[in-house]
Amino acid sequence: MNSIKRLIHNHQLFNKPYLSLSADKFHDECGVFGVYGHREASNLTYLGLHALQHRGQESAGICSSDGRQVHIEKSMGLVTDIFSEKRLKRLPGEIAIGHNRYSTAGSSSLKNVQPLMVNFSLGSLAIAHNGNLVNALELRTALESKGAIFQSSSDSEVFVHLIASSKAGGLYERIIDAARMVSGAFSLLIMTENELIAVRDTYGFRPLSIGRYDGAYIVASETCALDLIGAKYVRDVEPGEMVIINENGITSMKPMPATRQASCIFEFIYFSRPDSNIFGNINVDAVRKEFGRQLAREYPVEADVVIPVPDSGVPAALGYAQESGIPFDFGLIRNHYVGRTFIEPQQSIRHFGVKIKLNPVRQLLEGKRVLVVDDSIVRGTTSKKIVKMIREGGMAKEVHLRISSPPTIGPCFYGIDTPSRKELIASTHSVDEIRKYITADTLQYLSIEGLLKVVPDSERFCTACFDDNYPVLNHQEKIEQMELFSAL
Ligand code: AMP
């Protein structure tokens, strides 16, 4: 690797500090969006994907159907960079599905860009998948031993082969067959020449909402995408539900054996946009603020100012400030234009570190006891740099850090990008050891009880990253195997 490449690579690692090289096998973060019955289906999908850009910034794609033929356009990059008017015109028809994806960069990534599209015995099929399957490797090995040839390294392709090779007669039965064989997380959109099908795993790990717009049906990972196009939220696709949308309207089935619900609590903590309503129309911003209020009740501190780590810590910091009565301010300013290919000048200014992205407002912090709120600590590198930056030059007198979630001790196998367990600082260090490492005066995390108190019907959430209670993969040996694999 030459020095420029190394700088870019390091910078990419800084932007996504928890990558492992083969993360695309297990850690796809994604957003999906689908339209049935609108003459501007692909334009609406473009807008929807733009609203869901935070769920995946590496690549995006749209597939449309004009009733006879399925069209596809997909590339690496951001939605607004990939799709020009000209390109969208190449996506005619009244049905469309789209996908945003984040995984690691790599030469094979283009092959993994979704939607995945195939032609098989029943016609054309396109799929867009959010979530991660925990038995993808076993299924892939079994399918390959029967002659299947995989085009990508993404777990989502397993669906395609399972559907294509199913012995069941019709498409719905084949999809049901496939959905029963996979385990793990899937909020899945499937498009054929003339219908749109949405399927959500029985645990309901990832969100998926249905909306209506101008007579059309819309399906989206988050309601912020419905808002952008002016669609009205109707309901969620329920855990374990398969929704078929075609010329007969909308049909619902619950073809999979029921399990407990285990919706991802990290969607509330970090991943979803605050203006979205997820998991039964619960507003993310309201939950995040309440996490902050609960944190203030659990761990008060004498401070002069509450500041968020933008953007992830903003709602919780507001909640903390409201509950504690300590003034809130924006003490750190974020540069929103840090792209993934940013090149650091080599000679003149070295070791930008966190300054590429964040800069303190000195006038606000100087001589103050500063309380910083962020949503989570993964490896601890960001927090360490932030604490240092706030103190630098004797700026802040004290730096107290409050985290609006419990210590992250376990990786996610269901679609959130986390590193292997050994890289998660809280899996091997006590809170006080982490405090020392990041050089904060005090450090406290929201308790798991406090976290669960905030969300309605808390038993329906997955909290595996905080308590090791994995709803699907609770076999320790298997977890270790997967971690070993993803660390390769
Ligand atoms: P770290 O420096 O590894 O401790 O990263 C902590 C920062 O990463 C926090 O500011 C979080 O908001 C952010 N974060 C946590 N989880 C994720 C994720 N899955 N993707 C991107 N950023 C994340």
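Parameters and conventions
- Residues numbered from 1 in each chain as written.
- Predicted model: local features only at pLDDT ≥ 70, side-chain atom pairs only at ≥ 80, totals over all residues.
- Heavy atoms only, no water.
- Pairing = 2+ DSSP bridges.
- Helix = DSSP H or I, 4+ residues; strand = E, 2+ residues; numbered from the N terminus.
- Buried < 20%, exposed > 50% of the residue type's maximum accessible area, 1.4 Å probe, protein only.
- Axes fitted to C-alpha atoms, helices over the stretch in contact; angles between N-to-C directions.
- Contact = heavy atoms within 4.5 Å.
- Phe/Tyr/Trp six-rings, centres within 6.5 Å; stacked < 30°, edge-to-face > 60°.
- Lys NZ or Arg CZ within 6 Å of the ring centre and 35° of its normal.
- Salt bridge = Lys/Arg side-chain N within 4 Å of Asp/Glu carboxyl O.
- Polar contact = N/O pair within 3.5 Å; in protein donor to acceptor, adjacent residues only side chain to side chain.
- Parallel < 35°, antiparallel > 145°, perpendicular 65-115°, else oblique.
- Left-handed = near helix turned anticlockwise from the far one by under 90°.
- Nonpolar A, V, L, I, M, F, W, Y, C, P; charged D, E, K, R; others polar.
- Core = buried A, V, L, I, M, F, W, Y, C linked by side-chain atoms within 4.5 Å.
- Domains from an automatic or database assignment.
- 1 Å grid on protein atoms, 1.4 Å probe; cavity = no way out; pocket = protein on both sides within 12 Å on 5 of 7 lines; lining within 4 Å.
- Points joined across faces, edges and corners; volume = space filled by probe spheres on them.

Q: Could you give an account of the pairing of strand E3 (residues 70–76), naming the residues involved and the relevant values?
A: Sheet topology note: the strand E2 (residues 59–65)/E3 ladder contains seven bridges and is antiparallel. Note that in E3 the partner of serine 65 across the bridge is valine 70.

Q: Requested: an account of the pairing of strand E4 (residues 95–102), with residues and values cited.
A: A large share of E4 lies buried, amounting to eight of its eight residues. Here E4 shows no split at all, with Ile95, Ile97, His99 and Arg101 on one side and Ala96, Gly98, Asn100 and Tyr102 on the other all buried. Pairing analysis gives eight bridges linking strand E1 (residues 29–36) to E4, with the strands arranged antiparallel. Counterpart to phenylalanine 33 in the pairing with E4 is glycine 98.

Q: Describe the sheet that holds strand E21 (residues 398–403), naming the residues involved and giving the relevant values.
A: Read from one edge to the other, the open sheet built from four strands follows the order E17-E20-E21-E22, with strand pairing classed as parallel. The strands lining the two open edges of the sheet, one partner per strand, are strand E17 (305–308) and strand E22 (442–445). Each strand axis lies, on average, 20° off the axis of its neighbour in the sheet, ignoring direction. Here E17 runs beside strand E20 (residues 369–374); their pairing, made up of four bridges, is parallel. Residue pairing in the sheet places valine 306 in a bridge with leucine 371 of E20. Lying over the sheet, helix H12 (residues 314–324) contacts E17, E20 and E21, oriented at roughly 165° with respect to E17.

Q: Tell me about the packing of aromatic side chains, and please be specific about residues and values.
A: Scanning the model with the defined rule gives twelve aromatic pairs in all. Plain terms: the ring middles of phenylalanine 413 and tyrosine 470 are 5.4 Å apart, the flat faces sit at 40° to each other, and that makes the pair tilted. One end of the pair, phenylalanine 413, is in the loop between E21 and helix H15 (425–428); the other, tyrosine 470, is in the loop between helix H18 (464–467) and helix H19 (476–486), with 57 residues separating them in the sequence. Relative accessible area serves as the criterion here: at 3%, phenylalanine 413 is assigned to the buried category. For arginine 212, the ring lying beneath its charged end belongs to tyrosine 217, and the centroid distance is 3.8 Å.

Q: Describe the pattern of salt bridges, and please don't skip the residues or the numbers.
A: Evaluated as defined, the whole model comprises 26 salt bridges. Where salt bridges share partners, they join Arg55, Arg206, Glu222 and Glu267 into one cluster.

Q: Quick one: what's the story with the side chain of serine 124, residue by residue and with numbers?
A: With respect to the helices and strands, serine 124 occurs in strand E6 (residues 123–130). The class for serine 124 is buried, based on a relative accessible area of 10%. There is a polar contact of 2.6 Å between the side chain of serine 124 and the side chain of asparagine 119. The residues touching serine 124, leaving out its near neighbours within four places in the chain, are Val70, Val118, Asn119, Met191, Thr192 and Glu193.

Q: Lay out the packing of helix H6 (residues 136–145) against helix H7 (residues 157–165) with the relevant residues and their values.
A: In contact at an axis separation of 10 Å, H6 and H7 are set at 45° when each is read in the N-to-C sense. With respect to their mutual orientation, H6 and H7 come out oblique. Our pair here, H6 against H7, has a crossing hand that is left-handed. Where H6 approaches H7, its residues Ala136, Leu139, Arg140 and Leu143 are matched on the opposing element by Val158, His161, Leu162 and Ser165. Split into classes, the residues belonging to the contact of H6 with H7 amount to five nonpolar, two polar and one charged.

Q: Explain the nonpolar core residue by residue, including any values.
A: Formed by 44 residues in total, the largest nonpolar core has its most connected members in Phe205, Phe268, Phe291, Val306, Tyr320 and Tyr414. Elements with a minimum of two residues in this core: helix H10 (265–271), helix H11 (284–298), H12, E20, helix H17 (448–454), strand E23 (461–462) and H18. Each of domain 1 (3–259) and domain 2 (286–487) contributes no fewer than three residues to this core. Those residues in contact with phenylalanine 291 that sit more than four places away from it in its chain are Phe268, Ile269, Ser404, Leu446, Leu451, Val454 and Val455. Counting residues in hydrophobic clusters, the runner-up holds 29 residues, among them Ala148, Phe150, Ile163 and Ile190.

Q: Just give me the short version of empty space enclosed by the protein, but keep the residues and values in it.
A: One pass over the structure, following the stated rule, counts one cavity of 30 Å³ or more. The wall of the largest cavity is formed by Val309, Val372, Asp374, Ser383, Ile386, Val387 and Leu401. Taken together, the residues of the lining of the largest cavity sort by class into five nonpolar, one polar and one charged.

Q: Describe unusual backbone geometry, listing the residues and the values that go with them.
A: Residues apart from glycine generally show negative phi values, whereas peptide bonds are mostly found in trans. Omega for the bond connecting glutamine 114 with proline 115 falls within 30 degrees of zero, at 0°, which places this linkage in the cis form. In this fold, proline 115 is placed in the loop between helix H5 (109–112) and strand E5 (116–120). Cis geometry is adopted by the peptide bond preceding aspartate 311, which originates at proline 310 and carries an omega value of -5°. Of note, aspartate 311 is situated in the loop between E17 and H12.

Q: Which residues make up the layout of surface pockets, and what values do they have?
A: Of the pockets and cavities examined, the second largest pocket occupies roughly 530 Å³. Taken together, 26 residues form the lining of the second largest pocket, with Ala148, Val160, His161, Leu162 and Ala164 sitting closest to its centre. Elements that contribute at least two residues to the lining of the second largest pocket include exactly E5, H6, H7 and helix H8 (171–181). When residues of the lining of the second largest pocket are assigned to their parent elements, the largest contribution, six residues, is made by H7. Its residues placed into classes, the lining of the second largest pocket shows 13 nonpolar, seven polar and six charged.

Q: Quick one: what's the story with the sheet that holds strand E12 (residues 242–246), residue by residue and with numbers?
A: The strand order E5-E6-E7-E8-E12-E13 describes an open sheet built from six strands, whose pairing is antiparallel. Strands at the two margins of the open sheet, each flanked by one partner only, are E5 and strand E13 (249–253). Taken over all neighbouring pairs, the strand axes of this sheet differ in orientation by 20° on average, direction set aside. As defined by bridge partners, E12 adjoins E13 across five bridges and the pair is classed as antiparallel. Opposite asparagine 246, over in E13, you have glycine 249 as the bridge partner. Running at roughly 15° to E5, H7 makes contact with E5, E6 and strand E7 (187–191) of the sheet. Where H8 meets the sheet, it contacts E5, E6, E7, strand E8 (196–200), E12 and E13, and its direction lies at approximately 155° from that of E12.

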